[in-house]
Structure formats: C-alpha cells, structure tokens
Amino acid sequence: MRKEPTWRIPVGILGLLLALAIYGLVIARYAPDLIGNWPTLVQTLVYVALGVVWLLPLRRFLIWMETGRWG
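In the nomenclature of an unreviewed UniProt entry, the protein chain is known as DUF2842 domain-containing protein of Qipengyuania mesophila.

Below you can see the structure in the form of structure tokens.
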C-alpha cells in the first residue's frame, strides 16, 4: 500500500469524469439519430451495451492510477 499521496489519483478521477461526460454527450447526441427508428427492445439493448462498453478500459486505467503502470 502507498505511504505517500500521488498526483495520478486526482488527475485520473478528473480525467475519468471528463471522458465519461464527453462519451455520454456523444452518445446522447448521435445515438438517437442512428437508432431512433429501431424497435424499442433493440434500442434498449444498444443503450445497455453502450452503457457497459466504457467499463472495458477501466481496469487498466485504475491500475495506472494506483501503480503508475498500465498492466
């Protein structure tokens, strides 16, 4: 466990919040235009997938915030 604070954690949290805000705005702006006429169930599945896909790179990002290494 770390004994000293590191700059990576606050910078990482701010970066994560910024990236999620941008991702959410892009999805909210463009997804309805692309899938707005699709059946409701299919739209729901697409939005669930888009809501989960941002989690894929999160593990490596959290490892970087904690250790400074990407792997």
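As a volume, the largest pocket reaches approximately 160 Å³. Looking at the largest pocket, the residues that line it are G15, L16, A19, L20, Y23, W54, P57, L58 and F61. Secondary-structure elements contributing two or more residues to the lining of the largest pocket are α1 (8–35) and α3 (58–67). Residue contributions to the lining of the largest pocket peak at five residues, all from α1.

Note on placement: Q43 falls in helix α2 (residues 40–53). Reaching out from Q43, the side chain makes a polar contact with the backbone oxygen of G36 at a distance of 3.2 Å. Those residues within four positions of Q43 in sequence are excluded, and the remaining contacts are I35, G36, N37 and W38.

Residue pairs three or four apart in sequence face the same way in an α-helix, which turns once every 3.6 residues. The terminal C-alpha atoms of α1, which comprises 28 residues, lie 38 Å apart, in line with the 40 Å expected from a rise of 1.5 Å per residue. Approximately 25 degrees is the largest bend angle found in α1, and it occurs at R29, with the proline P32 only one to four residues beyond. Along α1, the residues classified as buried are R8, G12, I27, A31 and I35. Buried residues in α1 make contact with α2 and α3.

Attention shifts here to the UniProt feature "transmembrane region" (unreviewed entry) in the protein chain. The feature "transmembrane region" (unreviewed entry), as annotated in UniProt, sits at residues 12–32 and 38–56 in this numbering. Secondary structure content for residues 12–32 is 100% helix and 0% strand, while the C-alpha to C-alpha distance between its ends is 30 Å. The distance from the first to the last C-alpha atom of residues 38–56 is 26 Å, and the span holds 74% helix and 0% strand.

Reading the values: the criteria
Residues numbered from 1 in each chain as written. Predicted model: local features only at pLDDT ≥ 70, side-chain atom pairs only at ≥ 80, totals over all residues. Heavy atoms only, no water. 1 Å grid on protein atoms, 1.4 Å probe; cavity = no way out; pocket = protein on both sides within 12 Å on 5 of 7 lines; lining within 4 Å. Points joined across faces, edges and corners; volume = space filled by probe spheres on them. Helix = DSSP H or I, 4+ residues; strand = E, 2+ residues; numbered from the N terminus. Polar contact = N/O pair within 3.5 Å; in protein donor to acceptor, adjacent residues only side chain to side chain. Contact = heavy atoms within 4.5 Å. Expected span 1.5 Å × (residues − 1). Bend = angle between axes of the 7 residues up to and from the residue. Buried < 20%, exposed > 50% of the residue type's maximum accessible area, 1.4 Å probe, protein only. UniProt positions renumbered as here; feature names shortened; annotations may be inferred.

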